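Inside the fold
Take a look at the letters that make up each chain.
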Amino acid sequence: MEAATKGEFLSFLQDEGRLRIDSLIEGAVELAEEVHAGLKREDGKSSFLETHTWPVAMDVVRHYRAGNRSVTGVEVASAILHDVMEDDERILNLHETRSYGFEAYLAYRFGSRVQEIASELKIKPLDIFPGRDEGERQSARFWQYCGILSKADHDVKAIKLADRLNNMAFIQGVPGHGKVRRYLREAEDFYLAYSMMEPAMPAFYARMRKAYEALRSQKQAVTV
């Protein structure tokens, strides 16, 4: 399970990523720190920024470099900010942008492309979906989200796969957690096949398959 401090993350971008730390990246780091300050992972102690935000962005940069694809501050900022829409109420209060909305604020500060990616990756509140109980509402939300992702472009797809791989790897270190069952089911129902859909990402598929097998083996061992 990869982890990185902010300093290690920025050094990675400059050295391995061969990127200049421009104002877009600096701003994204600043906003991520504000939104996710003090947030812990499922084990109750690991920093969300150091075990998720920075590592996911690093994974995305590696993906672009491995495929000889162009990567700029826009792609990096989008990867850094991939979870901020989940905490939009907090950031609205921090920046007093409630009058015109968080998406408008994000577009104003980082540009329409970063805002579009963050919006596509946002998981909507469960209470807006139909269903007789929570399980049905979760199913309806998952179906809609999969439909959005299946039409998404390369940038959105790379970020989402890096995000899900990080979550699967982390939850493996928290045996018995309720998300294990969910991640296994969603990998079977969507994410394994998603990595094979155009634009296909074979390296992500191989890692997703490995993470899935590891989680499944662990779950079987725990239930025996």
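Scroll up a little and you will see the structure.
**Some details on the overall build of the chain**
Helix and strand counts for the chain stand at eleven helices and zero strands. Its helices and strands taken in sequence order, the chain reads α-α-α-α-α-α-α-α-α-α-α from the N to the C terminus. In terms of C-alpha radius of gyration, the chain reaches 17 Å, essentially the compact-globule figure of 17 Å for 224 residues. Projected onto the principal axes, the alpha-carbon positions of the chain cover approximately 50 × 40 × 35 Å. Expressed as a percentage of the 224 residues in the chain, the buried residues total 46%. Here the analysis covers contacts within the chain between residues at least 6 apart in sequence; of these, 69% occur between residues at least 24 apart. On the chain, roughly 11,100 Å² of surface is accessible, and the fraction owed to carbon and sulfur atoms is 50%. Counting 31 positive and 35 negative side-chain charges, the chain places the centres of these two groups 5 Å from one another.

**Quick word on the side chain of E75**
For E75, the position within the fold is in helix α4 (residues 73-80). Nearest to the buried, unbridged E75 among oppositely charged side chains is R113, at 6.1 Å. Each residue touching E75, except ones within four places of it in the same chain, is listed here: Y64, S70 and D155.

**With respect to the pattern of salt bridges**
Scanning all chains against the criterion turns up 16 salt bridges. Put simply, R109 and E30 hold a salt bridge, and the shortest N to O gap is 3.4 Å. With R109 in helix α6 (residues 102-110) and E30 in helix α2 (residues 23-36), the pair connects residues that are 79 residues apart, well separated along the chain. Each member of the salt-bridge network shares a partner with another, and the members are R113, E116, D153 and D155.

**Focus: the packing of aromatic side chains**
One pass over the structure, following the stated rule, counts five aromatic pairs. Here F9 and W54 contribute two aromatic rings whose centre-to-centre distance is 5.1 Å and whose plane-to-plane angle is 10°, an arrangement assigned as stacked. With F9 in helix α1 (residues 6-15) and W54 in helix α3 (residues 48-66), the pair connects residues that are 45 residues apart, well separated along the chain. As far as the burial class goes, F9 and W54 line up, both buried. Taken together, the ring pairs connect F142, F190, Y191 and Y194 into an aromatic cluster.

**A word on unusual backbone geometry**
With an omega of -5°, the peptide bond between E198 and P199 qualifies as cis. Along the chain, P199 falls in the loop between α10 (179-194) and α11 (202-223). The phi angle at R18 is positive, at roughly 55°, despite the residue not being glycine. Here R18 lies in the loop between α1 and α2. Positive phi, close to 55°, is recorded for N68, a residue that is not glycine. Within the fold, N68 resides in the loop between α3 and α4.

**Comments concerning the environment of K40**
Here K40 shows up in the loop between α2 and α3. Taking the C-alpha atoms as reference points, K40 and E50, ten residues apart in sequence, are found 9.7 Å from one another. Setting aside anything within four residues of it in sequence, one finds K40 in contact with K45, S46, S47 and F48.

Rules behind the numbers
- Residues numbered from 1 in each chain as written.
- Predicted model: local features only at pLDDT ≥ 70, side-chain atom pairs only at ≥ 80, totals over all residues.
- Heavy atoms only, no water.
- Helix = DSSP H or I, 4+ residues; strand = E, 2+ residues; numbered from the N terminus.
- Rg over C-alpha atoms; globule rule 2.2 N^0.38 Å.
- Buried < 20%, exposed > 50% of the residue type's maximum accessible area, 1.4 Å probe, protein only.
- Contact = heavy atoms within 4.5 Å.
- Areas by Shrake-Rupley, 256 points an atom, 1.4 Å probe, with all protein chains shown as cover.
- Lys, Arg positive; Asp, Glu negative; His and termini not counted.
- Charge placed at Lys NZ, Arg CZ, Asp CG, Glu CD.
- Salt bridge = Lys/Arg side-chain N within 4 Å of Asp/Glu carboxyl O.
- Phe/Tyr/Trp six-rings, centres within 6.5 Å; stacked < 30°, edge-to-face > 60°.

Keep in mind these values describe shape, not function.
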